[in-house]
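Spelled out from the first residue to the last, the chains are:
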Amino acid sequence: MSYKNSIELTTQELTGSTEEQVKSMNDSFETFFQNTENQLDRLSKYPIMISYDKNLESIMDEFSYTQTSNSEINGIYLGTEKDGKAFIFPETELPADYDPRQRDWYQSALKQKNKTIWTEPYTDQATNELVITAAKAIYDDRDELIGVLGVDISIDTLITMVNQTKFGETGYTVLLDQKGSFVTHPDKEKIQQDISKGNISKKNER
């Protein structure tokens, strides 16, 4: 009986501790994502974005300031609707046929007017790194589309955040997207793997 009670007490303590750690991590990610969205919202309201062709130097300076002030940001860019150009910091050479209007992040942002969207992990064409993107469409005062602002966050940044929390000797944390696919995992090969129909997801839904 003493042994049984000891096991139950230890299990309860570990469960409570784990729940607190997960809640703390969840709060950290909420703050992280909200801060990124705030940066996009701030940039989207700058008048210079509307006439980007006349203010390119100022825009790139602002991109530089934002990226260097936020170490988690890999890159920041504006894709334009009128001419399909992409202005990126840090400056990167893109393929000659690159058109931001054809990218998933651009099209997804157009479907969520006045909101910031987050993509699933994908390989960035400019850096060849696995990233997620926060993107937001911007409009002028006549409500005409100017383009889409985007911010890339390296998956490695999220993995580092996740790995800061340890669970016992062998426990680890993963981050899933809304569809039930891994955004982070200690085994990088499992990133983007869908587990929505697996036992973990089903148990969690209960």
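Per chain, the residues get numbers from 1 upward, laid out in the order the sequence is written. Since the coordinates come from a predicted model, pLDDT governs what is reported: local features require at least 70, and pairs of side-chain atoms require 80 or more to be given and counted, while whole-chain, interface and lining totals use all residues. With hydrogens and water set aside, each side-chain value is computed from the structure's full complement of heavy atoms.

> Can you help me understand helix 4 (residues 155–163) in this one?
Side chains that are three or four residues apart share a direction in an α-helix, a result of its 3.6 residues per turn. Taken as a whole, helix 4 has its buried residues at Ile 155, Leu 158, Ile 159, Met 161 and Val 162. The buried side chains of helix 4 occupy one side of the element, clustering within an arc of 160° when seen end-on. When a residue's accessible area, from a 1.4 Å probe over protein chains only, is under 20% of the maximum for its type it is buried; when over 50% it is exposed; and in between it is partly exposed. Working definition: helices are DSSP H or I runs of at least four residues, strands are E runs of at least two. Numbering for both runs from the N terminus. Note that the arc is computed from the directions linking the helix axis to the C-beta atoms.

> Got a minute to help me understand a nonpolar patch on the surface in this structure?
Where nonpolar side chains cluster on the molecular surface, the patch consists of Tyr 172, Val 174 and Leu 176 and spans about 260 Å² of accessible area. Inspection of the secondary structure assignment puts Val 174 in the loop between helix 4 and strand 7 (175–176). Nonpolar side chains (Val, Leu, Ile, Met, Phe, Trp, Tyr) within 5 Å and like charges within 9 Å form the patches, drawn only from residues with over 30% relative accessible area and no salt bridge. Only the protein chains shown count as covering a residue, and every accessible area follows the Shrake-Rupley method with a 1.4 Å probe. Put simply, a salt bridge is a Lys or Arg side-chain nitrogen that is within 4 Å of an Asp or Glu carboxyl oxygen.

> Whenever I open this one, the nonpolar core confuses me. Can you help?
One recurring pattern in soluble globular proteins: nonpolar side chains tend to sit buried together. We define a nonpolar core as any set of buried Ala, Val, Leu, Ile, Met, Phe, Trp, Tyr and Cys residues linked to one another through side-chain atoms lying within 4.5 Å. One finds Met 49, Phe 63, Leu 78, Leu 149 and Leu 158 to be the most contacted residues of the largest nonpolar core, which totals 30 residues. Elements supplying a minimum of two residues to this core: helix 1 (2–44), helix 2 (56–69), strand 1 (73–80), strand 2 (86–89), strand 5 (130–139), strand 6 (145–154) and helix 4. We call two residues in contact whenever any of their non-hydrogen atoms come within 4.5 Å of each other. Those residues within four positions of Met 49 in sequence are excluded, and the remaining contacts are Leu 43, Ile 59, Phe 63, Leu 78, Ile 138, Ile 146 and Leu 149. Counting 12 residues, the second largest nonpolar core, distinct from the first, contains Tyr 77, Ile 88, Tyr 106 and Ala 109.

> Which parts of the structure should I look at to understand the pattern of salt bridges?
Opposite charge on two side chains permits them to pair, given that their charged atoms come into close proximity. Counted under the stated rule, the structure contains 7 salt bridges. Two residues, Lys 136 and Asp 41, come together in a salt bridge whose shortest N-O distance is 2.6 Å. Here Lys 136, found in strand 5, pairs with Asp 41, found in helix 1; they are 95 residues apart in sequence, far enough to count as distant. Among the residues examined, Lys 136 registers a relative accessible area of 10% and is labelled buried. Residue classification places Asp 41 among the partly exposed residues on the basis of a relative accessible area of 25%. Here Arg 142 ties to Asp 140 by a salt bridge, and the two come within 3.7 Å at their closest N and O atoms. The network of salt bridges with common partners includes Asp 41, Lys 45 and Lys 136.

> Any chance you could explain the packing of aromatic side chains here in plain terms?
Each pair of aromatic rings is reported with the distance of its centres and the angle of its planes. A pair of aromatic rings is counted whenever rings of Phe, Tyr or Trp (Trp by its six-membered ring) have centres within 6.5 Å, and the orientation is called stacked for planes under 30 degrees apart, edge-to-face for over 60 and tilted otherwise. Tallying each qualifying case throughout the model produces 6 aromatic pairs. Centroid distance Tyr 52 to Phe 87: 5.8 Å. Interplanar angle 50°. Geometry classified as tilted. With a gap of 35 residues between them, Tyr 52 in the loop between helix 1 and helix 2 and Phe 87 in strand 2 connect regions that are remote in the sequence. In terms of burial, Tyr 52 and Phe 87 fall into one category: buried. Pairing Trp 105 with Tyr 106 gives two aromatic rings, centres 5.8 Å apart and planes at 65°, and the pair type is edge-to-face. A residue is classified by how much of its surface remains accessible, and Trp 105, at 4% relative accessible area, is buried. Of the aromatic side chains, those joined through ring pairs into one cluster are Phe 29, Phe 32, Phe 33 and Trp 118. Ring-over charges, as used throughout, are those where CZ of Arg or NZ of Lys falls within 6 Å of the ring centre and within 35 degrees of the ring normal. Looking at Lys 113, its charged tip hangs above the ring of Tyr 139, at a distance of 4.7 Å from the centre.

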